[in-house]
Amino acid sequence: MGERVGVVSAGPADDQGRKRWLLISDGSSERIDASLTDDQIKARFNLDRVTRAPKIEFCEGLLLNGPLAGTNAYAVNELGFHVQLTLPPRQPGGQMVTYEVVTLSTDGRPAELRYASEATQRG
């Protein structure tokens, strides 16, 4: 049998922030108390290893140049993050382009993304 790994979600799994999701490598998931330590989680769920997912901050972004200049897209709010977008007409296997986050989203303003390149088509 392979290694049993648990991944604890970064964000809460309830309105009060007292629960987290635990995703287990066998495909199961559990809501757990956010105060549990990794050792407690390992013991309770018979896991070999526990890891914690990083918090991912999504934001709206403005595409500054390239074929989609002036439109908005969503991205992870990290400098250098790449987003792949399909050009119109959007259809399976359509032409894709890559944009890169060059300015972070702050104070309610969208992040800014610059055209990076044409991407390999999805098939």
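Residues numbered from 1 in each chain as written. Predicted model: local features only at pLDDT ≥ 70, side-chain atom pairs only at ≥ 80, totals over all residues. Heavy atoms only, no water.

(A) Focus on the sheet that holds strand 2 (residues 19-24). The four strands lie next to each other as 3-2-1-4, forming an open sheet whose pairing is mixed. In this open sheet, the two strands that pair with only one neighbour each are strand 3 (29-33) and strand 4 (49-52). Within the sheet, the average angular offset between the axes of one strand and its neighbour, ignoring direction, is 30 degrees. Contacts between helix 1 (residues 38-45) and the sheet are confined to strand 1 (5-12), strand 2, strand 3 and strand 4, with strand 4 contributing the most and set at about 130 degrees to the helix. (Pairing = 2+ DSSP bridges. Helix = DSSP H or I, 4+ residues; strand = E, 2+ residues; numbered from the N terminus. Axes fitted to C-alpha atoms, helices over the stretch in contact; angles between N-to-C directions. Contact = heavy atoms within 4.5 Å.)

(B) Highlighting the nonpolar core. Grouped together as the largest cluster of nonpolar side chains are 13 residues, with contacts concentrated most on Leu63, Leu68, Leu85, Val97, Tyr99 and Leu113. In terms of residues, this core owes the most to one element, strand 8 (residues 96-103), which gives three residues. With residues near it in sequence (within four places) discarded, leucine 68 still touches Leu63, Leu85, Leu87, Pro88, Arg90, Val97 and Tyr99. Formed by nine residues, the second largest nonpolar core is a distinct cluster that contains Leu22, Ile24, Leu47 and Val50. (Core = buried A, V, L, I, M, F, W, Y, C linked by side-chain atoms within 4.5 Å. Buried < 20%, exposed > 50% of the residue type's maximum accessible area, 1.4 Å probe, protein only.)

(C) Seen up close, unusual backbone geometry. A cis amide bond links proline 88 with the next residue in sequence, proline 89, at an omega value of -10 degrees. When you line up the elements, proline 89 lands in the loop between strand 7 (82-86) and strand 8. For asparagine 46, which is not a glycine, the phi torsion comes out positive at approximately 55 degrees. Looking at where asparagine 46 falls in the secondary structure, it is placed in the loop between helix 1 and strand 4. Notably, aspartate 107 is not glycine yet its phi reads approximately 50 degrees, a positive angle. Tracing the sequence through the fold places aspartate 107 in the loop between strand 8 and strand 9 (111-119).

(D) Region of interest: the pattern of salt bridges. Taken as a whole, this structure holds three salt bridges when the rule is applied. Close ionic contact of arginine 4 with aspartate 26 constitutes a salt bridge, the shortest N to O distance being 3.0 Å. On the criterion of sequence distance, the pair formed by arginine 4 in the segment before strand 1 and aspartate 26 in the loop between strand 2 and strand 3 is long-range, its members being 22 residues apart. Given a relative accessible area of 16%, arginine 4 falls into the buried group. Close ionic contact of arginine 52 with aspartate 38 constitutes a salt bridge, the shortest N to O distance being 2.8 Å. Here arginine 52, found in strand 4, pairs with aspartate 38, found in helix 1; they are 14 residues apart in sequence, far enough to count as distant. Residue class for arginine 52 comes out partly exposed when judged on its relative accessible area of 39%. Looking at aspartate 38, the relative accessible area reads 30%, which means it is partly exposed. (Salt bridge = Lys/Arg side-chain N within 4 Å of Asp/Glu carboxyl O.)

(E) Quick look at the confidence of the model for the protein. Counting all residues, the mean pLDDT for the protein is 92, and 95% of those residues have values of 70 or more. When the elements of the protein are averaged for pLDDT, strand 9 gives the smallest value, 89, and helix 1 the largest, 98. (pLDDT = per-residue confidence, 0-100.)

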